[in-house]
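Working through the structure, step by step
The lines below spell out each chain.
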Amino acid sequence: MNQDIERVKVLIVGSGPAGYTAAIYASRAGLNPVLYTGGQPGGQLTITTDVENYPGYPDGIMGPEMMEDFRKQAERFGTKVRYGMVTAVDFSKTPHVVTVDDQVTVHADTVIISTGASAKWLGLDSETRLNGKGVSACAVCDGFFFRGQDVAIVGAGDTACEEASYLANICSKVYMIVRRDEMRASQIMQNRVMNNPKIEILWNTETEDILGDDEVTGARVINNVTKEKRDLKISGFFVAIGHQPNTEVFKDYIHMDESGYIKTIPGSTKTNVEGVFACGDAQDHIYRQAVTAAGTGCMAALDAERYLAALENH
Ligand SMILES: Cc1cc2nc3c(=O)[nH]c(=O)nc-3n(C[C@H](O)[C@H](O)[C@H](O)COP(=O)(O)OP(=O)(O)OC[C@H]3O[C@@H](n4cnc5c(N)ncnc54)[C@H](O)[C@@H]3O)c2cc1C
């Protein structure tokens, strides 16, 4: 197929807080960025309701509305926001070659990867139906809504232990649902949950169903050894079984850890490829918050700007 190949200075991949913040900075710096939204325009916050911890919104804001604000702010300074999924890249030469929707080829002097990560879910229908209505994959984000109430959390890794401890500080009781008779978490994290009187660990236990019509009222769990069933009376159900960074398409060129999180040079957003930068949850398995994603998005735009300036001065 013949096409005019577009050349851009800054190509931003992803439209969550990281991508849009990078776009705001790059466009205000006169770099005319092009941003591809991917399949989830606005990113993870579009599947949540109230966001109460993003500075600047004293009364809180709905996630989708906040991301509309981000988009408008990026467009105000000239960012070209386009619907499209990056399906292939060739970072072996400069300019970098990026293919969108298997059809459009873009040549980019710099690429900012802000493709985020997706929470892993149990796969229950009730989990999907009650998502945002008591079901959450982020204790730090949503735990506060259940203060003084009973909740459950599924998972057995370090993150699950950390989130269970976090919830125990806010909620009156935390059931920790663990599929096997042991945990994957480090011993120190296990000790922390085991010694917390507010956390009850349900070993060998799986979730059959999350209960409730319009909001979570309970969870039906089954002991996979005794087959005994039990209904937990809870108002929040947290899933902490891991995240999958959306980085597969870059894996032939970009260094990543064993889970697929992009490795950046500490103190920067630089990857192992010159001119390719990574920000937000795609490179952060620790903090995973909108404000940290936005912060690294800003860093990526500044890193890209400096890289381009250095190229011009050569
Ligand atoms: C239910 C829930 C509630 C949350 N609540 C809060 C909260 O209250 N406060 C808070 O601070 N944080 C909250 N978070 C966490 C927050 O949403 C994330 O930390 C933040 O969205 C990460 O931003 P990001 O820009 O890195 O990526 P994301 O928001 O994950 O966005 C990734 C973007 O990349 C795009 N993309 C992916 N692959 C491609 C591709 N191949 N080509 C093009 N585009 C692609 C996607 O379409 C998407 O637009 C919550 C998360 C969830 C799941």
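Residues numbered from 1 in each chain as written. Predicted model: local features only at pLDDT ≥ 70, side-chain atom pairs only at ≥ 80, totals over all residues. Heavy atoms only, no water.

**Let's talk about the domain arrangement of the protein chain**
Filter applied, for reference: Domain start and end points were adopted from an automatic or database domain assignment. Every residue pair with non-hydrogen atoms within 4.5 Å of one another is taken to be in contact. Once two parts are joined, some of their accessible surface, as seen by a 1.4 Å probe, is lost; buried area is that loss totalled over both. Each reported salt bridge corresponds to a side-chain nitrogen of Lys or Arg within 4 Å of a carboxyl oxygen of Asp or Glu. Polar contacts, as counted here, are pairs of nitrogen or oxygen atoms within 3.5 Å of one another; within protein the pair requires one atom able to donate a hydrogen and one able to accept it, and residues that are adjacent in sequence qualify only if both atoms are side-chain atoms. Charged means Asp, Glu, Lys or Arg here, nonpolar means Ala, Val, Leu, Ile, Met, Phe, Trp, Tyr, Cys or Pro, and polar covers whatever is left, Gly included.
Segmentation of the protein chain into domains returns domain 1 (5–118 + 243–312) and domain 2 (121–239). Using only C-alpha atoms to locate each centre, domain 1 and domain 2 end up separated by 32 Å. Listed as interface residues are 9 residues of domain 1 and, on the opposing side, 11 residues of domain 2. For the domain 1 and domain 2 pair, buried surface summed over both sides reaches about 630 Å², with 44% attributable to carbon and sulfur atoms. Here domain 1 is connected to domain 2 by 0 salt bridges. Linking domain 1 with domain 2 are 0 residue pairs in polar contact (both at pLDDT 80 or more). Grouping the constituent residues of the side of domain 1 that touches domain 2 by class yields 1 nonpolar, 5 polar and 3 charged.

**Quick word on the packing of aromatic side chains**
Counted only if it meets this: Aromatic rings from Phe, Tyr and Trp, with only the six-membered ring used for Trp, were paired whenever their centres fell within 6.5 Å, and each pair was classed as stacked if the ring planes differed by under 30 degrees, edge-to-face if by over 60, and tilted otherwise. Summary of the burial criterion: residues with accessible area below 20% of their type's maximum are buried, those above 50% are exposed, and those between are partly exposed, where the area comes from a 1.4 Å probe applied to protein chains only. Helix numbers and strand numbers start at the N terminus; a helix is a DSSP run of H or I with at least 4 residues, a strand a run of E with at least 2. We call a charge positioned over a ring when the NZ of a Lys or the CZ of an Arg lies within 6 Å of the ring centre and within 35 degrees of the ring normal.
This model, assessed by the stated rule, comprises 6 aromatic pairs. Taken together, a centroid distance of 6.4 Å and an interplanar angle of 50° make the contact between Tyr54 and Tyr57 tilted. Residue Tyr57 is classed as partly exposed on the basis of its relative accessible area of 22%. Ring centres 6.1 Å apart and planes at 75° place the aromatic pair Phe277 and Tyr307 in the edge-to-face group. Here Phe277, found in strand β19 (residues 276–278), pairs with Tyr307, found in helix α7 (residues 290–312); they are 30 residues apart in sequence, far enough to count as distant. Chaining the aromatic ring pairs together yields one cluster made of Tyr54, Tyr57 and Phe70. Over the aromatic face of Phe77 sits the side chain of Arg28, whose NZ or CZ is 5.2 Å from the ring centroid. Taking the ring centre of Phe144 as reference, the NZ or CZ of Arg147 above it sits at 4.0 Å.

**Considering the pattern of salt bridges**
Scanning the model with the defined rule gives 11 salt bridges in all. A salt bridge links Asp109 to Arg7, with the shortest nitrogen-to-oxygen separation between them at 2.8 Å. Here Asp109, found in strand β8 (residues 104–113), pairs with Arg7, found in strand β1 (residues 6–13); they are 102 residues apart in sequence, far enough to count as distant. For Arg7, a relative accessible area of 55% gives the class exposed. Residues Glu200 and Lys173 are paired through a salt bridge, measuring 2.7 Å at the closest nitrogen-oxygen approach. On the criterion of sequence distance, the pair formed by Glu200 in strand β13 (residues 199–202) and Lys173 in strand β12 (residues 173–177) is long-range, its members being 27 residues apart. Of the residues examined, Glu200 reaches a relative accessible area of 25% and is grouped as partly exposed. Residue classification places Lys173 among the partly exposed residues on the basis of a relative accessible area of 22%. Connected through salt bridges with shared partners, the residues Glu68, Arg71 and Glu75 form a single ionic network.

**A short note on the UniProt feature "domain: FAD/NAD(P)-binding" (unreviewed entry) in the protein chain**
Defined as follows: UniProt positions are given in the numbering used here, feature names are shortened, and annotations may be inferred rather than shown by experiment.
On the UniProt side, "domain: FAD/NAD(P)-binding" (unreviewed entry) is annotated at positions that read residues 9–297 here. Between the end C-alpha atoms of residues 9–297 the distance is 16 Å, and the span holds 22% helix and 28% strand.

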